[in-house]
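Fold and geometry: a report
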Amino acid sequence: MFHRNPLCILFVLLTTVSSAQITGKIVDGSNKYPLEYATVALFDQETQQLVTGVVTDLEGRFTIEGAKKGVYYLEASFIGYRTSTIRDIVVTNRNPVMDLGTMALSIGENQLDEVVVQADRAAVINKIDRQIFDATNFQNSQGGSATDVISNIPSVTVDGLGDIQVRGSSGFVVLLNGNPVQGSAATLLNQLPANSVDRVELITAPSAKYDPEGKAGILNIITKKGAVDGAFAQINARGGFPSLERYGNAAAHQRHGVDATYNIIKGDWNISLGANYQRSDLGGRREGDVFTIINDTLTQFPSEGERSFDEVNYSGRFTVDHTPDANNTYSLGFYAGKRSKDRTADILYFDNHAITPAMDGERVYTTQYFNENLRIRKGDFVLGSLDYTHTFSDSSELSTSLLYEYTLLGGPTTNRNLGFPDTSTILQDEFNTNDNPLHGIRFQLDYQWNPFPFGQLETGYQFRLLDHTGDFVYERRNNDTGEFELVPEFSSEVDLNRKLHSGYVQLSGGKGKWEYSAGSRIEAMDREFDLRDKTNTIDTTYVNDYVKLFPSASIQYTLKDNTKLKAAYSKRVERTTTFKMNPFPEREHSETLEQGDPTLRPEFIDLFELGVNKNFKGDNSIYATAYVQDVKNPVNRVNSVYNDTILNRIYSNVGKARSLGLELGAQFKPAKNWSNFVGTNLFTYNIDGTFDGRPVDSKTFVYSINANSTFDFSETTSLQFTFNYISDRNTAQGEDSRFYSPNLTYRKTFFGNRLSAILQWQNMDLGFLDTNEQRITTYREGEFFTTTNYVYEVDMVILNLSYTFRNGKNKSRFIESEFGKKEF
């Protein structure tokens, strides 16, 4: 028999191996790029003891030598990515070489510290097409909103008026878990709890697979999620201490809130429920001075008084995911809620007077009055979505997504000019309101082809429909009859209908030290804007159509010392909102009207980037990105004189604009328990065009700094200081002053990290730093001058508590508004 034959025995001895070789490859799950320096650890499956570990090479490949006979499991990890595990690896005498194939890691929570090394999540990860910022590194934002998270990103600034800009532009798009959100970016970010944000991806030169909207690119907000069976429940509570300074505001300001998430994963089902309530008031005041010149008469009206905000958001939402097998996934989502933001501007005009002639003339009159102004913005909304993904046997993938949104926007503004000091005398009483129902539909179909030897091919189609109607009513009280009467020149009805069809093709891949991506998107837009007045004398339709290509390309090369060089190009578009096209003025407050232009054209943008980044040992890295952005048809808000005491703000296309900038960032760790991240954006912005027949030639240099420094006293206790700064900058008709905000955060965890307490000292001022203040100045030679200093609340102390009831991982994933929030 075979086992008794000496020759056979010798053959078996010669061919039996005492150890095996295990190989494989680690790639980024989102773009399939290889991950160099990823950690691969081999464990004994019975004892769970670490056997050996290696790191991947430039191609993402790894080789483990000397694996003896037995059963193992393997963990692949990389800082900033989720750990992936392969179990039941059986090494026998018959398999000297085992190829595990390709393992894809998804960006998110890193569990490497539990099994191999102790490591913090990197504050920023640089990829070929994006920068990825870890939200958990920004402790000052916890308990707040997503706006507080992104304010720590070097390219992002949030000024004293709450305006959010990316690379100096308010034109950017927000994605939520990769899904486009056509609503107002600021409103979405203010409503999304910071506790739910896992990371933020900044994509300044997006590829063709993304919608081309967004002058400054894309902010992709990734919410927290997990991947194991079990239940997860978390509640977060927030409470603000009483204001240290009331600024003479009529009411005390409140800051409190609670948000809760329950997530259960059982077999093929993933069910998520969430609820959120936030009250976020902000106290403050404003000090201003304005003069106009008409027919050689100068009218001046200095002012001071309250400017505060009361904001309330509450909502409920759920998502159900069903994965019946490895090839199919279904997802159903629902989201509904209410939001309201009240702006109080109760201003005393204490020395309103006129001088004729304008230069060195005599006073014609002097008066004073008190302006009581309340603007309320509300929105009730309901959204539903249905998504489906199918993976074919050849690894190609088909995905579809359908979203419907209904939003009812609106809210009144009351504007009352009263006598002073006797405010019982009504000089003027005006009321304007509007109802703006919005219907939005988005359908998307994407196909990811079976990988070719030269790269990954993706194609897709998208359809968007926006139907937004508005009924704007402006009434003024007749002081003789006491009745409110319609003011036709400020009242209107509008109807915006916009259809978008687009298709794209995108190829990405890599070879050796090179990575590349190139594609193009074709988009057809059909926009109709119907405008009617309340007296039926105006009924006009404005049409704007286009069919355009939006190409994009990026390339990256890795040097031997792990330095990466990259270059990118992307063509973008910034579409116009309904509000900016309505030519009927809206009374914002006593001295200001705001008016749109129905002939506004979309802005078209060409962006070029050149960047370098390098990683060092010990969680240290630096990066730099130079960029040029050319804008055709830039939309600017410019002022003109409406009458002697009212300025009119008008949105208008103003020629062309160019930004030339440089972003710099570094993360460094001088000691094991002390980590730092600092970033800056420096750019010049030039506008060259005309408005109202007069040239507009504005040039400005702007820089911003976002920095944070964290010191860990122990594994459960840390202190973090953050600083956000925006420099002075010129605008189309004036200048905005510098703005800055320092913050201090103390964090302590208890009960095995189930409970965390965060004490925040926001807008640190100490009575002398002039924190959270900004002066806005505009002027036009010989016509008007206006300057306003906005002073908002400082030294705010807030306590945040977060408790996790179960130790299951959270895989909650919710839908968000795509249309209504942009108009809100």
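All figures in this text were calculated on a predicted structure; none of them were measured in a lab. (Residues numbered from 1 in each chain as written. Predicted model: local features only at pLDDT ≥ 70, side-chain atom pairs only at ≥ 80, totals over all residues. Heavy atoms only, no water.)

If you tally the helices and strands in the protein chain, you get 4 helices and 49 strands. Counting across all 824 residues of the protein chain, residues that qualify as buried make up 52%. Long-range pairs, those at least 24 residues apart, make up 68% of the contacts in the protein chain with a sequence separation of at least 6. By element, 56% of the accessible surface of the protein chain is carried by carbon and sulfur atoms, the whole surface being about 35600 Å². (Helix = DSSP H or I, 4+ residues; strand = E, 2+ residues; numbered from the N terminus. Buried < 20%, exposed > 50% of the residue type's maximum accessible area, 1.4 Å probe, protein only. Contact = heavy atoms within 4.5 Å. Areas by Shrake-Rupley, 256 points an atom, 1.4 Å probe, with all protein chains shown as cover.)

All right, on to unusual backbone geometry then. P357 follows T356 through a cis peptide bond whose omega is -10 degrees. Examined against the element boundaries, P357 turns out to sit in the loop between β22 (328-356) and β23 (362-391). Of note, the bond from F420 into P421 is cis; its omega dihedral lies within 30 degrees of zero at 10 degrees. Note on placement: P421 falls in the loop between β25 (413-418) and β26 (426-448). In this structure, D296 is a non-glycine residue whose phi angle is positive, near 65 degrees. Mapped onto the elements of the fold, D296 is located in the loop between β19 (284-294) and β20 (297-300). For D296, a relative accessible area of 42% translates into the label partly exposed.

Attention now goes to the pairing of β25. The side chains of a regular strand alternate, first on one face of the sheet and then on the other. Across 6 bridges, β23 lies against β25 in antiparallel orientation. If you follow N373 over to β25, its bridge partner there is N415. By the bridge criterion, 6 bridges tie β25 to β26 in an arrangement that is antiparallel. When the bridges of β26 are listed, N417 appears paired with Q428. (Pairing = 2+ DSSP bridges.)

What follows is about the nonpolar core. Among the nonpolar cores identified, the biggest contains 25 residues, and F133, I150, F172, L189, V197, V200 and I221 are the most heavily contacted of them. Listing elements by their share of this core, those giving two or more residues are α2 (146-150), β11 (164-166), β12 (173-176), β14 (197-203) and β15 (218-223). (Core = buried A, V, L, I, M, F, W, Y, C linked by side-chain atoms within 4.5 Å.)

Moving on, we get to the sheet that holds strand β4 (residues 61-67). In spatial order, the strands read β4-β1-β7; together these 3 strands make up an open sheet with mixed pairing. Of all strands in the sheet, those with a lone pairing partner are β4 and β7 (97-105), marking the two edges. Looking at each pair of strands side by side, their axes are set apart by 20 degrees on average, direction ignored. Of the strand pairs in this sheet, strand β1 (residues 20-28) and β7 are connected by 7 bridges, and their pairing is parallel. By the bridge assignment, I22 is partnered in β7 with M98. (Axes fitted to C-alpha atoms, helices over the stretch in contact; angles between N-to-C directions.)

Attention now goes to the sheet that holds strand β5 (residues 70-77). Strand-to-strand pairing in sheets goes through backbone hydrogen bonds, with the strands running parallel or antiparallel. Ordered by their spatial adjacency, 4 strands build an open sheet running β3-β2-β5-β6, and the pairing between neighbours is antiparallel. In the strand order of this sheet, the two ends are held by β3 (50-55) and β6 (84-91), each with one partner. The mean angle between the axes of side-by-side strands here comes to 20 degrees, regardless of whether they run parallel or antiparallel. Pairing analysis gives 6 bridges linking strand β2 (residues 39-44) to β5, with the strands arranged antiparallel. Note that in β5 the partner of V40 across the bridge is A76.

A few words now on the pairing of β3. With 5 bridges connecting them, β2 and β3 associate as antiparallel partners. The partner of F43 across the bridge, within β3, is L50. Counting the residues between successive antiparallel strands, the hairpin from β2 to β3 contains 5 residues, one of them, Q48, with a positive phi of roughly 60 degrees.

Tracing the backbone shows L42 in strand β2. Excluding residues that lie within four positions of it along the chain, L42 makes contacts with I22, Q49, L50, V51, T52, I64, A67, Y72, Y73 and L74.

Moving on, we come to the packing of aromatic side chains. Inspection of the entire model under this criterion finds 28 aromatic pairs. With a centroid separation of 6.1 Å and an interplanar angle of 75 degrees, the aromatic rings of F579 and Y651 are classed as edge-to-face. Of this pair, F579 sits in the loop between β32 (563-574) and β33 (586-589) while Y651 sits in strand β38 (residues 646-653); the two residues are 72 residues apart in sequence, bridging distant segments of the chain. Judged by its relative accessible area of 11%, Y651 falls in the buried class. By the ring-pair criterion, three or more aromatic residues cluster together here, those being F701, Y703, F723, Y725 and Y740. In this structure, R317 is placed above the aromatic ring of Y335, and the distance from its NZ or CZ to the ring centre is 5.2 Å. Over the aromatic face of F604 sits the side chain of K548, whose NZ or CZ is 4.8 Å from the ring centroid. (Phe/Tyr/Trp six-rings, centres within 6.5 Å; stacked < 30°, edge-to-face > 60°. Lys NZ or Arg CZ within 6 Å of the ring centre and 35° of its normal.)

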